[in-house]
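# Geometric and topological summary
Here are the chains, one letter per residue:
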Amino acid sequence: MLDSGKNKDDVFRETGQVVGVFDASFSVRKGEIFVIMGLSGSGKSTMVRLFNRLIEPTSGSIYLNGNEITGLTDKELLTVRRKDMSMVFQSFALMPHMTVLDNAAFGLEVSSVGEAERYRRAREALEQVGLAGHEYSYPHQLSGGMQQRVGLARALANDPSILLMDEAFSALDPLIRTEMQDELIRLQAEQQRTIIFISHDLDEAIRIGHRIAIMEGGRVVQVGTPQEILNNPASDYVEAFFKSVDSSRGLRAGDVARFESDIVIHRSSTDSRVDGHSIPYAYLTDDDRHLLGLLDSSGVAQGESPREIAPAELSVVAFDTPLHDVLDLAASVPYPLPVLTREGTLHGTITKDSILKSLSRH
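Residues numbered from 1 in each chain as written. Predicted model: local features only at pLDDT ≥ 70, side-chain atom pairs only at ≥ 80, totals over all residues. Heavy atoms only, no water.

### A look at empty space enclosed by the protein
On inspection of all chains with the given rule, the structure shows one cavity of 30 Å³ or more. Considering only enclosed or pocket space, the largest cavity measures out at about 50 Å³ in volume. Taken together, Leu152, Leu156, Leu163, Leu184, Leu187, Gln188, Gln191, Arg193 and Ile195 make up the lining of the largest cavity. For the lining of the largest cavity, the secondary structure elements donating two or more residues are helix H6 (144–157) and helix H7 (174–191). Residue contributions to the lining of the largest cavity peak at four residues, all from H7. Partitioned by chemical class, the residues of the lining of the largest cavity number six nonpolar, two polar and one charged. (1 Å grid on protein atoms, 1.4 Å probe; cavity = no way out; pocket = protein on both sides within 12 Å on 5 of 7 lines; lining within 4 Å. Points joined across faces, edges and corners; volume = space filled by probe spheres on them. Helix = DSSP H or I, 4+ residues; strand = E, 2+ residues; numbered from the N terminus. Nonpolar A, V, L, I, M, F, W, Y, C, P; charged D, E, K, R; others polar.)

Laid out in structure tokens, this is it:
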């Protein structure tokens, strides 16, 4: 019915069957945090359970490192679940009668890992999530955030290459939730696991996600970085979905910066002249656009000589800096704020005017 053009509502009306996910095709890159978002009932939780076949797909294929896992036997699937993927649920799902250490080691115990080895790995995982010293506490003695850390430690103890996290922080208070997001970002920077994170919180998705997949009615309607989706929403639904987002947190300095050739002076390495310029400020670069300094001609009209300011004396920002972190700096300097790439070349400049226009557009 779907192949013939029927939609999810048509199928339910005619058959009583609910379509969980369809027309979903995308790849997740090794080492990225990939966030799947959508309204309630959009299919995002069904999607993550298809990856480890907690829900069996009725059609289509799922590949892990190039190997199709939709056709695995039960024994092969069990191996994948134990060694390649771990899952962290919204509910902490801790055993109340077991200590923190035993809870963290539980998955390894089920996998028949020896006692000494599983406790060693569980202790390491608890240390990674900041729970060293709480090994012999019980879940009821911990705060909600600490309980969720135990759930995360239990998943990490398996040392999986892929973490599946189904709204893992949704039940936490806002401050604890932010703390757990910071913890996840820190762990990701250290360990470079592949994380598939289900969320309905846009601010959370923008904060932690390298890329985001937006789902609507079981379909994936757009995949991209937060900046790509903010700048080029694929549909009215996606645009409306992102309407409440604080775009200053989603956009980067590089998304707002503009390269204006009339404020850039190319200068050879042997040319050290400082001449006046027709505009107050101009950037000096070499032929490869590496920043050599700023030519300040703002006082020429008052009889002052133009002066050159060295790069070390300038306020500069990196391409990937969140726009929110640039606002105060852009307001405090008189010159257009230079934005540099990772290679140190001049990508463009930001002015107070360009920031206001960008935020107004979003």
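### A look at the pairing of strand S10 (residues 281–285)
Most of S10 sits inside the fold, with five of its five residues counted as buried. Taking every second residue as pointing to the same face, both faces of S10 are buried, with Tyr281, Tyr283 and Thr285 on one and Ala282 and Leu284 on the other. Taken together, the three bridges between strand S9 (residues 264–266) and S10 define a ladder with parallel strand orientation. Opposite histidine 266, over in S10, you have threonine 285 as the bridge partner. Pairing of S10 with strand S11 (residues 291–296) involves five bridges; the strand directions are antiparallel. Bridging across to S11, tyrosine 283 finds its partner in leucine 294. Here S10 folds back onto S11, and the loop between the two strands holds five residues, one of which, arginine 289, carries a positive phi near 70 degrees. (Buried < 20%, exposed > 50% of the residue type's maximum accessible area, 1.4 Å probe, protein only. Pairing = 2+ DSSP bridges.)

### Some words on the layout of surface pockets
Volume-wise, the largest pocket comes out at about 1200 Å³. Taken together, 40 residues form the lining of the largest pocket, with Ala24, Met47, Phe51, Ser61 and Ile62 sitting closest to its centre. In terms of residues, the lining of the largest pocket owes the most to one element, helix H2 (residues 44–51), which gives four residues. Across the lining of the largest pocket, the residue classes tally to 22 nonpolar, 13 polar and five charged.

### Here's the deal with the confidence of the model for the protein
Looking at the protein, pLDDT values average 84 and 94% of them are 70 or higher. Note on residues 269–276: pLDDT is under 50 here. Beyond four places in sequence and across chains, it has 10 contacts. (pLDDT = per-residue confidence, 0-100. Contact = heavy atoms within 4.5 Å.)

### A short note on unusual backbone geometry
For arginine 53, which is not glycine, the phi torsion reads 60 degrees and is therefore positive. Along the chain, the position of arginine 53 falls in the loop between H2 and strand S2 (63–64). Not every positive phi belongs to a glycine, and aspartate 159 is a case in point at roughly 55 degrees. Following the sequence through the fold, aspartate 159 ends up in the loop between H6 and strand S5 (162–166).

### A word on the sheet that holds S5
Read across the open sheet, the six strands follow the order S4-S5-S6-S1-S7-S8; overall the sheet is mixed. Each edge of the sheet is formed by a strand with only one pairing partner; in this case those strands are strand S4 (85–88) and strand S8 (219–224). Within this sheet the neighbouring strands show an average axis-to-axis angle of 20 degrees, counted without direction. Taken together, the four bridges between S4 and S5 define a ladder with parallel strand orientation. Its bridge partner lying in S5, serine 86 is registered against leucine 163. Against the sheet, H6 touches S4 and S5, its axis set at about 170 degrees to S4. Packed on one face of the sheet, H7 meets strand S1 (33–38), S5 and strand S6 (194–199) and runs near 160 degrees to S6. (Axes fitted to C-alpha atoms, helices over the stretch in contact; angles between N-to-C directions.)

### A closer look at the pairing of S1
Of all six residues that make up S1, six are buried, and the element is covered over most of its length. Residues Ile33, Val35 and Met37 of S1 are buried on one face, and the alternating residues Phe34, Ile36 and Gly38, pointing to the opposite face, are buried as well. Of the pairings in the sheet, the one linking S1 to S6 comprises five bridges and is parallel in character. Note on S6: the bridge partner recorded for phenylalanine 34 is isoleucine 196. Here S1 pairs with strand S7 (residues 211–216) via five bridges, running parallel. Bridge pairing in S7 links methionine 37 to isoleucine 214.

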